[in-house]
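Listed below, chain by chain, are the residues.
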Amino acid sequence: PHSVGSIQERRKPVKTTVIIPNYNGIDYLENCLRSLEGCFGDKPPAFEVCIIDNGSEDGSPEMAERLFPWVRLIRFPENRGFCAAVNEGITRAETPYVFLLNNDTTVDPGCIRRLERRMDNDSRLFSVAVKMLSMRQPDILDGAGDRYNALGWAFAIGKGRPSADYNTTMPVFSACAGAALYRKAYLEKTGLLDELHFAYLEDVDLGYRARIAGFENWYIPEAKVYHVGSATTGTRYNKKKVFLAARNTIFVIYKNMPVLQLALNVPFIFTGMFIKTLFFVRKGFGEDYCKGISEGICD
(Lines give C-alpha, C1' and ligand atoms only; values in the text may rest on other atoms or scores of the structure.)
Protein backbone atom coordinates (compact mmCIF):
# COMPACT_ATOMS: atom_id res chain seq x y z
CA PRO A 1 0.00 0.00 0.00
CA HIS A 2 1.04 3.57 -0.63
CA SER A 3 1.74 5.84 2.28
CA VAL A 4 0.32 9.31 1.99
CA GLY A 5 3.12 11.81 2.22
CA SER A 6 2.87 15.55 2.56
CA ILE A 7 1.56 17.61 -0.33
CA GLN A 8 5.09 18.90 -0.91
CA GLU A 9 6.29 15.34 -1.59
CA ARG A 10 3.77 14.80 -4.38
CA ARG A 11 4.68 15.51 -7.96
CA LYS A 12 1.47 17.41 -8.73
CA PRO A 13 -1.10 19.20 -6.60
CA VAL A 14 -3.98 16.91 -5.69
CA LYS A 15 -7.20 18.05 -7.36
CA THR A 16 -9.72 15.48 -6.15
CA THR A 17 -10.98 13.88 -2.97
CA VAL A 18 -12.70 10.54 -3.48
CA ILE A 19 -15.61 10.24 -1.02
CA ILE A 20 -16.88 6.73 -0.28
CA PRO A 21 -19.91 6.33 2.00
CA ASN A 22 -19.82 2.90 3.62
CA TYR A 23 -22.39 0.86 5.49
CA ASN A 24 -21.52 -2.78 6.18
CA GLY A 25 -19.60 -3.00 2.92
CA ILE A 26 -17.17 -5.75 3.92
CA ASP A 27 -17.91 -7.75 0.74
CA TYR A 28 -17.06 -4.86 -1.59
CA LEU A 29 -14.98 -2.14 0.02
CA GLU A 30 -11.58 -3.83 -0.28
CA ASN A 31 -11.98 -4.33 -4.04
CA CYS A 32 -13.05 -0.70 -4.41
CA LEU A 33 -9.98 0.55 -2.55
CA ARG A 34 -7.66 -1.84 -4.42
CA SER A 35 -8.91 -0.38 -7.70
CA LEU A 36 -8.21 3.15 -6.47
CA GLU A 37 -4.76 2.08 -5.34
CA GLY A 38 -4.21 0.70 -8.84
CA CYS A 39 -4.78 4.18 -10.25
CA PHE A 40 -1.53 5.33 -8.62
CA GLY A 41 0.79 2.84 -10.29
CA ASP A 42 4.30 3.52 -8.98
CA LYS A 43 3.57 7.23 -8.51
CA PRO A 44 2.59 9.14 -5.38
CA PRO A 45 -1.17 9.25 -4.67
CA ALA A 46 -2.93 11.31 -7.33
CA PHE A 47 -5.99 12.00 -5.16
CA GLU A 48 -7.20 11.85 -1.58
CA VAL A 49 -9.57 9.09 -0.44
CA CYS A 50 -12.02 9.57 2.41
CA ILE A 51 -14.36 6.87 3.72
CA ILE A 52 -17.34 7.99 5.77
CA ASP A 53 -18.66 5.00 7.68
CA ASN A 54 -22.32 4.92 8.70
CA GLY A 55 -22.01 2.86 11.89
CA SER A 56 -20.93 -0.39 10.20
CA GLU A 57 -20.81 -3.50 12.40
CA ASP A 58 -19.24 -5.92 9.90
CA GLY A 59 -15.59 -4.96 10.34
CA SER A 60 -15.32 -3.05 7.07
CA PRO A 61 -13.95 0.18 8.65
CA GLU A 62 -11.37 -1.80 10.62
CA MET A 63 -10.35 -3.60 7.44
CA ALA A 64 -9.90 -0.28 5.64
CA GLU A 65 -7.75 1.07 8.48
CA ARG A 66 -5.60 -2.05 8.53
CA LEU A 67 -5.04 -2.60 4.81
CA PHE A 68 -5.19 0.97 3.49
CA PRO A 69 -3.47 3.30 5.98
CA TRP A 70 -3.34 6.06 3.33
CA VAL A 71 -7.14 6.35 3.41
CA ARG A 72 -8.83 8.85 5.71
CA LEU A 73 -11.61 7.24 7.78
CA ILE A 74 -14.45 9.15 9.41
CA ARG A 75 -16.84 7.08 11.53
CA PHE A 76 -20.43 7.89 12.48
CA PRO A 77 -21.82 6.01 15.50
CA GLU A 78 -25.01 5.20 13.58
CA ASN A 79 -26.37 5.06 10.03
CA ARG A 80 -27.11 8.67 9.09
CA GLY A 81 -27.77 7.84 5.45
CA PHE A 82 -25.98 8.31 2.16
CA CYS A 83 -26.56 12.07 2.01
CA ALA A 84 -25.22 12.88 5.47
CA ALA A 85 -22.13 10.75 4.87
CA VAL A 86 -21.37 12.35 1.52
CA ASN A 87 -21.94 15.86 2.88
CA GLU A 88 -19.48 15.21 5.70
CA GLY A 89 -16.87 14.18 3.15
CA ILE A 90 -17.52 17.17 0.90
CA THR A 91 -17.29 19.57 3.84
CA ARG A 92 -13.93 18.15 4.91
CA ALA A 93 -12.45 17.98 1.41
CA GLU A 94 -9.74 20.56 0.66
CA THR A 95 -9.53 19.88 -3.08
CA PRO A 96 -11.31 21.71 -5.95
CA TYR A 97 -13.11 18.52 -7.02
CA VAL A 98 -14.86 15.71 -5.15
CA PHE A 99 -15.53 12.29 -6.64
CA LEU A 100 -18.51 10.55 -5.06
CA LEU A 101 -18.15 6.78 -5.25
CA ASN A 102 -20.25 3.85 -4.04
CA ASN A 103 -18.43 1.17 -2.08
CA ASP A 104 -19.63 -1.60 -4.43
CA THR A 105 -17.61 -0.33 -7.38
CA THR A 106 -14.21 -0.68 -8.96
CA VAL A 107 -12.60 2.18 -10.85
CA ASP A 108 -10.83 2.03 -14.21
CA PRO A 109 -7.21 3.23 -13.75
CA GLY A 110 -7.59 6.35 -15.90
CA CYS A 111 -11.08 7.28 -14.78
CA ILE A 112 -10.43 10.10 -12.32
CA ARG A 113 -7.71 11.66 -14.44
CA ARG A 114 -10.08 11.80 -17.43
CA LEU A 115 -12.85 13.35 -15.33
CA GLU A 116 -10.46 15.99 -14.00
CA ARG A 117 -9.29 16.84 -17.49
CA ARG A 118 -12.85 17.35 -18.68
CA MET A 119 -13.68 19.53 -15.66
CA ASP A 120 -10.50 21.57 -16.07
CA ASN A 121 -11.41 22.39 -19.67
CA ASP A 122 -14.96 23.63 -19.12
CA SER A 123 -15.83 26.06 -16.33
CA ARG A 124 -19.56 25.59 -16.98
CA LEU A 125 -19.48 22.06 -15.63
CA PHE A 126 -21.04 21.32 -12.26
CA SER A 127 -20.60 17.54 -12.53
CA VAL A 128 -19.27 14.88 -14.85
CA ALA A 129 -20.87 11.42 -14.96
CA VAL A 130 -18.92 8.26 -15.73
CA LYS A 131 -19.83 5.31 -17.90
CA MET A 132 -21.07 2.96 -15.18
CA LEU A 133 -20.88 -0.68 -16.24
CA SER A 134 -22.29 -3.84 -14.71
CA MET A 135 -19.66 -5.61 -12.64
CA ARG A 136 -21.06 -9.00 -13.66
CA GLN A 137 -21.57 -8.12 -17.34
CA PRO A 138 -18.98 -5.46 -18.25
CA ASP A 139 -20.39 -5.04 -21.75
CA ILE A 140 -23.76 -3.98 -20.30
CA LEU A 141 -24.37 -0.41 -19.17
CA ASP A 142 -25.51 0.30 -15.62
CA GLY A 143 -25.98 4.01 -16.35
CA ALA A 144 -24.71 7.02 -18.31
CA GLY A 145 -26.05 9.77 -16.11
CA ASP A 146 -29.72 10.48 -15.39
CA ARG A 147 -32.71 11.70 -17.35
CA TYR A 148 -35.81 13.33 -15.91
CA ASN A 149 -39.13 13.43 -17.75
CA ALA A 150 -42.55 15.09 -17.61
CA LEU A 151 -44.00 12.17 -15.62
CA GLY A 152 -41.70 13.12 -12.74
CA TRP A 153 -39.59 10.02 -13.31
CA ALA A 154 -35.83 9.95 -13.05
CA PHE A 155 -34.00 7.04 -14.60
CA ALA A 156 -30.50 5.90 -15.46
CA ILE A 157 -29.73 6.47 -19.14
CA GLY A 158 -29.05 3.24 -21.01
CA LYS A 159 -29.39 0.90 -18.03
CA GLY A 160 -29.31 -2.71 -19.24
CA ARG A 161 -28.32 -1.81 -22.80
CA PRO A 162 -25.04 -2.60 -24.59
CA SER A 163 -22.17 -0.39 -23.48
CA ALA A 164 -21.11 0.15 -27.09
CA ASP A 165 -24.31 2.15 -27.73
CA TYR A 166 -23.18 4.92 -25.35
CA ASN A 167 -19.76 6.03 -26.52
CA THR A 168 -20.66 9.67 -27.17
CA THR A 169 -20.07 12.57 -24.79
CA MET A 170 -23.39 14.27 -24.03
CA PRO A 171 -25.20 16.58 -21.59
CA VAL A 172 -27.36 14.85 -18.98
CA PHE A 173 -29.97 16.08 -16.53
CA SER A 174 -27.85 14.98 -13.58
CA ALA A 175 -24.93 12.74 -12.75
CA CYS A 176 -25.46 9.55 -10.76
CA ALA A 177 -23.80 10.16 -7.39
CA GLY A 178 -22.70 6.51 -7.32
CA ALA A 179 -19.70 7.61 -9.39
CA ALA A 180 -19.38 11.25 -10.45
CA LEU A 181 -17.02 14.20 -10.18
CA TYR A 182 -18.35 17.49 -8.78
CA ARG A 183 -16.84 20.97 -8.59
CA LYS A 184 -16.73 21.89 -4.92
CA ALA A 185 -16.95 25.66 -5.49
CA TYR A 186 -20.27 25.18 -7.29
CA LEU A 187 -21.55 22.83 -4.58
CA GLU A 188 -21.01 25.69 -2.17
CA LYS A 189 -23.36 27.79 -4.33
CA THR A 190 -26.11 25.20 -4.86
CA GLY A 191 -25.92 23.63 -1.42
CA LEU A 192 -24.97 20.02 -0.71
CA LEU A 193 -27.13 16.91 -0.86
CA ASP A 194 -30.47 17.30 0.91
CA GLU A 195 -30.24 15.08 3.98
CA LEU A 196 -34.03 14.81 4.18
CA HIS A 197 -33.71 12.40 1.25
CA PHE A 198 -31.57 10.02 3.36
CA ALA A 199 -30.91 8.13 0.10
CA TYR A 200 -32.29 7.94 -3.47
CA LEU A 201 -32.89 10.79 -5.94
CA GLU A 202 -30.63 13.09 -3.94
CA ASP A 203 -28.37 13.32 -7.00
CA VAL A 204 -31.30 14.23 -9.28
CA ASP A 205 -32.33 16.95 -6.83
CA LEU A 206 -28.76 18.26 -6.78
CA GLY A 207 -28.46 18.20 -10.57
CA TYR A 208 -31.79 20.04 -10.86
CA ARG A 209 -30.55 22.78 -8.54
CA ALA A 210 -27.33 23.04 -10.54
CA ARG A 211 -29.26 23.50 -13.79
CA ILE A 212 -31.43 26.20 -12.23
CA ALA A 213 -28.22 27.96 -11.17
CA GLY A 214 -26.97 27.89 -14.78
CA PHE A 215 -24.44 25.05 -14.49
CA GLU A 216 -24.18 21.94 -16.68
CA ASN A 217 -23.91 18.19 -16.11
CA TRP A 218 -22.21 15.98 -18.70
CA TYR A 219 -21.50 12.31 -19.37
CA ILE A 220 -18.12 11.21 -20.69
CA PRO A 221 -17.81 7.57 -21.81
CA GLU A 222 -14.03 7.30 -21.54
CA ALA A 223 -14.24 7.40 -17.70
CA LYS A 224 -15.40 3.95 -16.56
CA VAL A 225 -16.56 2.49 -13.26
CA TYR A 226 -17.85 -1.05 -12.66
CA HIS A 227 -20.82 -1.40 -10.32
CA VAL A 228 -22.35 -4.35 -8.46
CA GLY A 229 -25.62 -2.53 -7.73
CA SER A 230 -28.02 -2.71 -4.75
CA ALA A 231 -25.16 -3.90 -2.53
CA THR A 232 -26.37 -2.05 0.57
CA THR A 233 -30.10 -2.71 0.20
CA GLY A 234 -29.62 -6.23 -1.18
CA THR A 235 -32.30 -6.11 -3.91
CA ARG A 236 -33.45 -3.79 -6.66
CA TYR A 237 -36.82 -3.36 -4.91
CA ASN A 238 -37.54 -3.53 -1.19
CA LYS A 239 -39.95 -1.82 1.18
CA LYS A 240 -37.57 0.91 2.37
CA LYS A 241 -36.17 1.67 -1.07
CA VAL A 242 -39.63 1.92 -2.67
CA PHE A 243 -40.86 4.18 0.14
CA LEU A 244 -37.85 6.51 0.02
CA ALA A 245 -37.83 6.76 -3.78
CA ALA A 246 -41.56 7.57 -3.87
CA ARG A 247 -41.28 10.19 -1.13
CA ASN A 248 -38.18 11.75 -2.64
CA THR A 249 -39.85 11.96 -6.05
CA ILE A 250 -42.30 14.42 -4.51
CA PHE A 251 -39.47 16.29 -2.79
CA VAL A 252 -37.69 16.81 -6.13
CA ILE A 253 -40.85 18.16 -7.77
CA TYR A 254 -42.00 20.69 -5.22
CA LYS A 255 -38.50 21.89 -4.31
CA ASN A 256 -37.31 22.56 -7.84
CA MET A 257 -39.99 22.65 -10.51
CA PRO A 258 -40.98 26.20 -11.52
CA VAL A 259 -44.66 27.00 -10.93
CA LEU A 260 -45.56 27.29 -14.62
CA GLN A 261 -43.81 24.04 -15.46
CA LEU A 262 -45.51 22.33 -12.54
CA ALA A 263 -48.93 23.55 -13.71
CA LEU A 264 -48.28 22.19 -17.20
CA ASN A 265 -46.90 18.89 -15.90
CA VAL A 266 -49.56 18.07 -13.28
CA PRO A 267 -51.54 15.74 -15.59
CA PHE A 268 -48.35 13.90 -16.57
CA ILE A 269 -47.15 13.66 -12.96
CA PHE A 270 -50.45 12.12 -11.80
CA THR A 271 -50.34 9.73 -14.76
CA GLY A 272 -46.84 8.70 -13.74
CA MET A 273 -47.95 8.10 -10.15
CA PHE A 274 -50.88 5.97 -11.33
CA ILE A 275 -48.65 3.84 -13.55
CA LYS A 276 -46.10 3.33 -10.76
CA THR A 277 -48.82 2.48 -8.24
CA LEU A 278 -50.03 -0.32 -10.53
CA PHE A 279 -46.44 -1.47 -11.05
CA PHE A 280 -45.61 -1.65 -7.35
CA VAL A 281 -48.92 -3.27 -6.46
CA ARG A 282 -47.94 -6.08 -8.81
CA LYS A 283 -44.50 -6.25 -7.14
CA GLY A 284 -46.07 -6.39 -3.68
CA PHE A 285 -44.94 -2.88 -2.66
CA GLY A 286 -48.08 -0.86 -3.45
CA GLU A 287 -48.65 0.17 0.15
CA ASP A 288 -45.02 1.30 0.55
CA TYR A 289 -45.17 3.36 -2.66
CA CYS A 290 -48.43 5.08 -1.66
CA LYS A 291 -47.09 5.74 1.83
CA GLY A 292 -44.00 7.38 0.33
CA ILE A 293 -46.08 9.60 -1.96
CA SER A 294 -48.31 10.59 0.95
CA GLU A 295 -45.39 11.46 3.22
CA GLY A 296 -43.73 13.46 0.43
CA ILE A 297 -46.89 15.55 -0.03
CA CYS A 298 -47.50 16.02 3.71
CA ASP A 299 -43.90 17.00 4.43
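Please read these numbers as outputs of a predicted model, since none were measured by experiment.

**A few points about the packing of helix H8 (residues 259-283) against helix H9 (residues 286-298)**
At a minimum axis separation of 7 Å, H8 and H9 run at an interaxial angle of 150°. Between H8 and H9, the crossing angle belongs to the class labelled roughly antiparallel. Contacts from Gly 272, Met 273, Lys 276, Thr 277, Phe 280 and Val 281 in H8 reach Gly 286, Tyr 289, Cys 290 and Ile 293 in H9. Its residues assigned to classes, the contact of H8 with H9 shows 6 nonpolar, 3 polar and 1 charged.

**Notes on the pattern of salt bridges**
For the structure on display, the rule yields 16 salt bridges. Between Arg 34 and Glu 30 there is a salt bridge, and its shortest N-O distance comes to 3.4 Å. Within this pair, Arg 34 and its partner Glu 30 are both found in helix H1 (residues 29-38), separated by 4 residues, close to a single helical turn. Classification of Arg 34 as partly exposed rests on a relative accessible area of 35%. Residue Glu 295 pairs with Arg 247 through a salt bridge whose shortest N-O separation is 3.6 Å. In this pair, Glu 295 sits in helix H9 while Arg 247 sits in helix H7 (residues 239-256), placing the two residues 48 residues apart along the sequence. For Glu 295, a relative accessible area of 27% corresponds to the partly exposed category. Salt bridges sharing common partners tie together Asp 194, Asp 205, Arg 209 and Lys 255.

**Details of the side chain of Glu 116**
Among the structural elements, Glu 116 can be located in helix H4 (residues 111-120). Buried and unpaired, Glu 116 has no salt bridge, with Lys 15 as the nearest side chain of opposite charge at 5.2 Å. Non-local contacts of Glu 116, meaning those with residues more than four positions away in its chain, are made with Lys 15, Thr 16, Tyr 97 and Leu 181.

**Some thoughts on the packing of H7 against H9**
Their axes nearest at 7 Å, the elements H7 and H9 cross at an angle of 30°. Of the two elements, H7 crosses H9, and the hand of that crossing is right-handed. Contact residues: H7 offers Lys 239, Val 242, Phe 243, Ala 246, Arg 247, Ile 250, Phe 251 and Tyr 254, while H9 offers Asp 288, Tyr 289, Lys 291, Gly 292, Ile 293, Glu 295, Gly 296 and Ile 297. Within the contact of H7 with H9, the residues separate by chemical class into 9 nonpolar, 2 polar and 5 charged.

**Quick notes on the confidence of the model for the protein**
Chain-level statistics for the protein give a pLDDT mean of 91 and a share of 94% at 70 or above. The low-confidence segment residues 1-10 (pLDDT under 50) makes 19 contacts with residues lying over four places distant or belonging to another chain.

**Re the pairing of strand S4 (residues 97-101)**
Burial within S4 is extensive, with 5 of its 5 residues counted as buried. Because side chains alternate across S4, one face comprises the buried residues Tyr 97, Phe 99 and Leu 101, and the other comprises Val 98 and Leu 100, equally buried. As defined by bridge partners, strand S1 (residues 16-22) adjoins S4 across 4 bridges and the pair is classed as parallel. Residue pairing across strands places Thr 17 opposite Val 98, the latter belonging to S4.

Here is what the cut-offs are and how they apply
- Residues numbered from 1 in each chain as written.
- Predicted model: local features only at pLDDT ≥ 70, side-chain atom pairs only at ≥ 80, totals over all residues.
- Heavy atoms only, no water.
- Axes fitted to C-alpha atoms, helices over the stretch in contact; angles between N-to-C directions.
- Helix = DSSP H or I, 4+ residues; strand = E, 2+ residues; numbered from the N terminus.
- Parallel < 35°, antiparallel > 145°, perpendicular 65-115°, else oblique.
- Contact = heavy atoms within 4.5 Å.
- Nonpolar A, V, L, I, M, F, W, Y, C, P; charged D, E, K, R; others polar.
- Salt bridge = Lys/Arg side-chain N within 4 Å of Asp/Glu carboxyl O.
- Buried < 20%, exposed > 50% of the residue type's maximum accessible area, 1.4 Å probe, protein only.
- Lys, Arg positive; Asp, Glu negative; His and termini not counted.
- Left-handed = near helix turned anticlockwise from the far one by under 90°.
- pLDDT = per-residue confidence, 0-100.
- Pairing = 2+ DSSP bridges.

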